[in-house]
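In case you want the letters, here they are:
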Amino acid sequence: MAAAKGTGRKGSAGRRAGTRTVPPSRRVVVAGGGLAGLALALSLARGGGGGLDVTVCDPALARPAPGGDASRASAIAAGARRMLETLGVWGAVAERAAPILDMVITDSRLADPVRPLILNFAGEVAPGEPFAHMVENDDLVNALAAACREAGVTLAAEGIARFAAVPERVLVTSASGAAIEAGLLVAADGARSRLRDMADIGWVGRSYGQVGIVATIGHERPHEGRAIEHFLPSGPFAILPLTTRDGRHRSSIVWTERADAADYLLQLPDEDLREEVERRFGLELGEITLLSPARAFPLSIGIARRFVAGRFALVGDAAHVVHPIAGQGLNIGLRDVAVLAEKIIDACRLGRDVGDDEALLAYERARRFDTVTMGLATDGLNRLFSNDLLPVRLLRDLGLGLVERMPAAKRFFIREAAGLTGAVPRLMRGEAL
C-alpha cells in the first residue's frame with residue numbers, strides 16, 4: 001500500500017508493532033481518514049499498548065488540508081473533548097478551539113423586526129468546563145494524523161478495492177493491488193460508504209429536501225462565546241463562535257435552507273449573498289463579511305440495518321447520518337469510536353482477537369439505541385421548527401418557554417448535548433482504555 005508522507009511503508013507480511021511481529025488477529029484496517037477513522041486508529045493504537053497493528057486507508061491522505069477560513073468547523077461536545085484529551089490530541093488544537101459559553105434560541109419569521117429570545121442555556125457542564133467547543137475540522141484532522149503517526153499507525157494514501165472475510169481473518173486488497181490480512185476491517189468512509197455496500201449491509205433513510213450551507217463569517221464585534229440558533233420557517237440558522245484570527249472576529253454558520261432556494265442563493269453574486277446572510281445573521285455583531293465561499297451539502301437521515309458483520313464494523317456517517325439541527329453528527333460518530341475501541345481492547349485483554357464476534361455484537365447493541373434515538377430526536381426537531389404554521393409555532397414556543405423556566409430540565413439538556421448521559425464510554429469519561 002502507498003503510505004502517506006512520513007508514515008513509512010509496510011507490506012502485507014512481516015508487519016510489526018515495536019520489535020514484535022503482529023499476527024492478523026492483532027491487526028485492524030480502517031477505511032476512511034476523516035475524523036472518525038483517525039480517532040479510531042489512534043484509540044486502538046494507544047489502548048493496545050503497542051500490541052496492535054493499525055492501518056488507515058484513504059486516498060485523501062495524500063492531499064494537504066486547506067486550513068484557514070476555508071475549513072469547515074464542528075462542535076466538539078464535552079465528552080468528545082475529554083476523549084481527545086485522553087488520546088493526547090486536545091492540546092494540539094486547544095488554542096484554536098472556541099468554547100461555547102452560552103447558547104440562545106430564537107423563533108421568528110425572516111421579516112420579523114425583533115427576534116425574541118425564547119431559551120437560553122448556560123454553557124458549562126462543570127465549573128470551567130464548557131459543554132462544547134467549536135474546532136475547525138482541518139485543525140483536528142491534522143492533529144489526529146500527527147498523533148497517529150507518533151503512535152505507529154500506518155497512513156496509506158489509497159483506497160480499498162475489495163475485501164473478503166473468512167472465519168479467522170479478513171483479506172483486504174488496496175486500490176494498487178497490495179494485500180493485507182487483518183482481524184478486522186472498519187468502514188469509516190462516510191454516508192455513501194462503498195464498503196458498507198460491499199458488505200451487503202442495507203441502508204434505511206430519506207432526504208429532507210433541505211441543504212446545509214456552511215461558511216465562515218467575519219464580524220465587527222466579538223461574539224463572547226455565544227452560540228445562536230435562529231429557528232426560521234425554512235430551517236434553523238446557527239451562528240457558532242470561532243477563535244479570533246488575524247485580528248478578525250469570526251463565527252461559523254450552518255444555514256438550513258430548502259434545496260430549491262439554496263440553488264438560487266448559491267448562484268448570487270458575493271455581495272448579494274452577503275446581504276442574504278446578514279438578513280438571517282442579524283446586526284448584533286455589527287457588519288459582517290464572508291471569509292470563505294459558501295458550501296452546500298444535502299441533508300438526510302439514515303441508518304444502516306446492521307452496524308457489524310463478520311470481521312467488519314461501521315462507524316460514524318457510514319453507520320448513521322442525522323440532521324445537523326443539534327450539532328451532534330460528529331459527536332455520535334466519536335461515541336461509536338469510543339465504544340468500539342473499548343470493546344476491541346477489552347476482548348484482546350481476554351485473549352480474543354480484534355474481530356471477536358462477541359465484541360462486535362456488544363458494540364452494535366451499545367450504539368444502536370443511541371443512534372436511533374438521536375436520529376428520531378433531530379428528525380422531530382426539524383419537522384417541528386421547519387414550518388410556519390401558527391398553531392405549531394405557538395405550541396413550540398410555549399414548550400420552549402416552559403423549559404426556560406425549569407433549571408433542572410436545562411441542566412439535563414446541556415449534559416445530553418455534552419454527551420455525558422447514559423452509559424458513557426471510558427474515553428468520554430476521560431479514562432484511558
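Small disclaimer: the values here were computed from a predicted structure and weren't measured.

Time to look at the overall build of the protein. Counting its secondary structure elements, the protein contains 11 helices and 25 strands. The C-alpha atoms of the protein give 22 Å as radius of gyration, which agrees with the globular expectation for 433 residues (22 Å, within 12%). Overall, the C-alpha framework of the protein stretches about 70 × 40 × 40 Å when taken along its three principal axes. Classification of the 433 residues of the protein by burial places 55% in the buried group. Sequence-distant contacts, at least 24 apart, represent 76% of the contacts inside the protein between residues at least 6 apart. Separation between the mean location of the 52 positive side-chain charges and that of the 51 negative ones in the protein comes to 6 Å.

Moving on, we get to the packing of aromatic side chains. Applying the stated criterion to the full structure yields two aromatic pairs. Taking the ring centre of Phe-297 as reference, the NZ or CZ of Arg-72 above it sits at 4.2 Å.

If you trace the backbone, Ala-122 turns up in strand β8 (residues 117-122). Given the relative accessible area of 57%, Ala-122 is considered exposed. Taking the C-alpha atoms as reference points, Ala-122 and Leu-101, separated by 21 residues in sequence, lie 6.6 Å from one another. Not counting residues up to four positions away in its chain, the partners in contact with Ala-122 are Leu-101, Asp-102 and Ile-414.

With that out of the way, let us pick up helix α1 (residues 35-47). In a regular helix each residue adds 1.5 Å, so 13 residues correspond to 18 Å; α1 covers 18 Å between its end C-alpha atoms and thus fits that length. Inspection of α1 places Leu-35, Ala-36, Gly-37, Leu-38, Ala-39, Leu-40, Ala-41, Leu-42, Ser-43, Leu-44, Ala-45 and Gly-47 among the buried residues, and these make up the whole buried set. Immediately beyond the C-terminal end of α1, within one or two residues, lies Gly-49, with a positive phi of roughly 60°.

What follows covers the nonpolar core. In this structure, Leu-44, Met-83, Leu-140, Leu-144, Leu-185, Phe-312 and Leu-340 are the most contacted members of the largest nonpolar core, which totals 79 residues. By residue number, the principal contributor to this core is helix α8 (residues 329-349), which donates 10 residues. Every residue in contact with Leu-185, bar those within four places of it in the chain, is listed here: Val-29, Ile-160, Phe-163, Val-170, Val-172, Leu-195, Arg-311, Phe-312 and Ala-313. One finds Ala-78, Leu-119, Ala-132 and Ile-414 within the second-largest nonpolar core, a separate group that totals 29 residues.

Pairing in this open sheet of three strands is antiparallel, and the strands run β5-β11-β6 from one edge to the other. The open sheet has two edge strands with one neighbour each: β5 (73-77) and β6 (98-99). Relative to strand β11 (residues 132-136), β5 is paired through five bridges, and the arrangement is antiparallel. By the bridge assignment, Ala-75 is partnered in β11 with Met-134. Together, β5 and β11 form the strand contacts of helix α2 (residues 78-86), whose direction differs from that of β5 by roughly 90°.

Looking at the secondary structure, you find Thr-106 in strand β7 (residues 102-107). The exposure class assigned to Thr-106 is buried, which follows from its relative accessible area of 4%. A polar atom in the side chain of Thr-106 sits 2.7 Å from the side chain of His-230. Beyond its immediate sequence surroundings of up to four residues, Thr-106 is in contact with Arg-115, Pro-116, Leu-117, Ile-118, Glu-229, His-230 and Phe-231.

Quick look at helix α4 (residues 137-151) now. For α4, spanning 15 residues, the distance from its first C-alpha to its last is 21 Å, which sits close to the expected 21 Å at 1.5 Å a residue. Listed as buried for α4 are Asn-137, Asp-138, Asp-139, Leu-140, Ala-143, Leu-144, Ala-145, Ala-147 and Cys-148. Remark: Gly-152 follows α4 within two positions and exhibits a positive phi of approximately 90°.

Once that is clear, we can look at the environment of Phe-312. Along the chain, Phe-312 turns up in strand β24 (residues 312-314). Under the relative-accessibility criterion, Phe-312 is labelled buried at 2%. Put simply, Phe-312 and Arg-368 are 56 residues apart on the chain and 16 Å apart in space, counted from C-alpha to C-alpha. In this structure, Phe-312 is in contact with Phe-163, Leu-184, Leu-185, Ala-187, Leu-195, Arg-196, Ala-199, Ile-201, Phe-307 and Leu-360, ignoring residues within four places of it in sequence.

Glancing now at the sheet that holds strand β16 (residues 184-187). Two modes of strand pairing occur in sheets, parallel and antiparallel, and in both the strands are linked by backbone hydrogen bonds. Taking strand neighbours across the sheet as the criterion, the six strands line up as β12-β4-β3-β16-β24-β23 in an open arrangement whose pairing is mixed. Of all the strands in the sheet, the pair left with one neighbour each is β12 (154-156) and β23 (308-309). In terms of strand pairing, strand β4 (residues 53-57) meets β12 through three bridges, oriented parallel. Within β12, the position partnered with Thr-55 by the bridge is Thr-154.

Turning to unusual backbone geometry, a few remarks are in order. The bulk of non-glycine residues show a negative phi, and the bulk of peptide bonds are trans. Even without a glycine there, the phi angle at Glu-224 is positive, about 60°. As for its placement among the helices and strands, Glu-224 is situated in the loop between β17 (203-219) and β18 (226-232). Look at Glu-224 and you get exposed, because its relative accessible area is 59%.

Where α1 meets α8, the axes come as close as 9 Å, and the angle between the chain directions of the two elements is 25°. In terms of orientation, α1 and α8 fall into the roughly parallel class. At the point where α1 passes α8, the crossing takes the right-handed sense. Two secondary-structure elements touch here, α1 through Leu-35, Ala-36, Ala-39, Leu-40, Ser-43, Leu-44 and Gly-47 and α8 through Leu-330, Leu-334, Val-337, Leu-340, Ala-341, Ile-344, Ile-345 and Arg-349.

Moving on, we get to the pattern of salt bridges. Scanning all chains against the criterion turns up 25 salt bridges. Note that Arg-429 is salt-bridged to Glu-431, the shortest N-O span being 3.1 Å. By relative accessible area, Arg-429 is classed as partly exposed at 40%. Accessibility expressed as a relative area gives 34% for Glu-431, which makes it partly exposed. A single salt-bridge network, built from bridges that share partners, covers Arg-96, Glu-136, Asp-139, Arg-245 and Arg-250.

About the criteria used
- Residues numbered from 1 in each chain as written.
- Predicted model: local features only at pLDDT ≥ 70, side-chain atom pairs only at ≥ 80, totals over all residues.
- Heavy atoms only, no water.
- Helix = DSSP H or I, 4+ residues; strand = E, 2+ residues; numbered from the N terminus.
- Rg over C-alpha atoms; globule rule 2.2 N^0.38 Å.
- Buried < 20%, exposed > 50% of the residue type's maximum accessible area, 1.4 Å probe, protein only.
- Contact = heavy atoms within 4.5 Å.
- Lys, Arg positive; Asp, Glu negative; His and termini not counted.
- Charge placed at Lys NZ, Arg CZ, Asp CG, Glu CD.
- Phe/Tyr/Trp six-rings, centres within 6.5 Å; stacked < 30°, edge-to-face > 60°.
- Lys NZ or Arg CZ within 6 Å of the ring centre and 35° of its normal.
- Expected span 1.5 Å × (residues − 1).
- Core = buried A, V, L, I, M, F, W, Y, C linked by side-chain atoms within 4.5 Å.
- Pairing = 2+ DSSP bridges.
- Axes fitted to C-alpha atoms, helices over the stretch in contact; angles between N-to-C directions.
- Polar contact = N/O pair within 3.5 Å; in protein donor to acceptor, adjacent residues only side chain to side chain.
- Parallel < 35°, antiparallel > 145°, perpendicular 65-115°, else oblique.
- Left-handed = near helix turned anticlockwise from the far one by under 90°.
- Salt bridge = Lys/Arg side-chain N within 4 Å of Asp/Glu carboxyl O.

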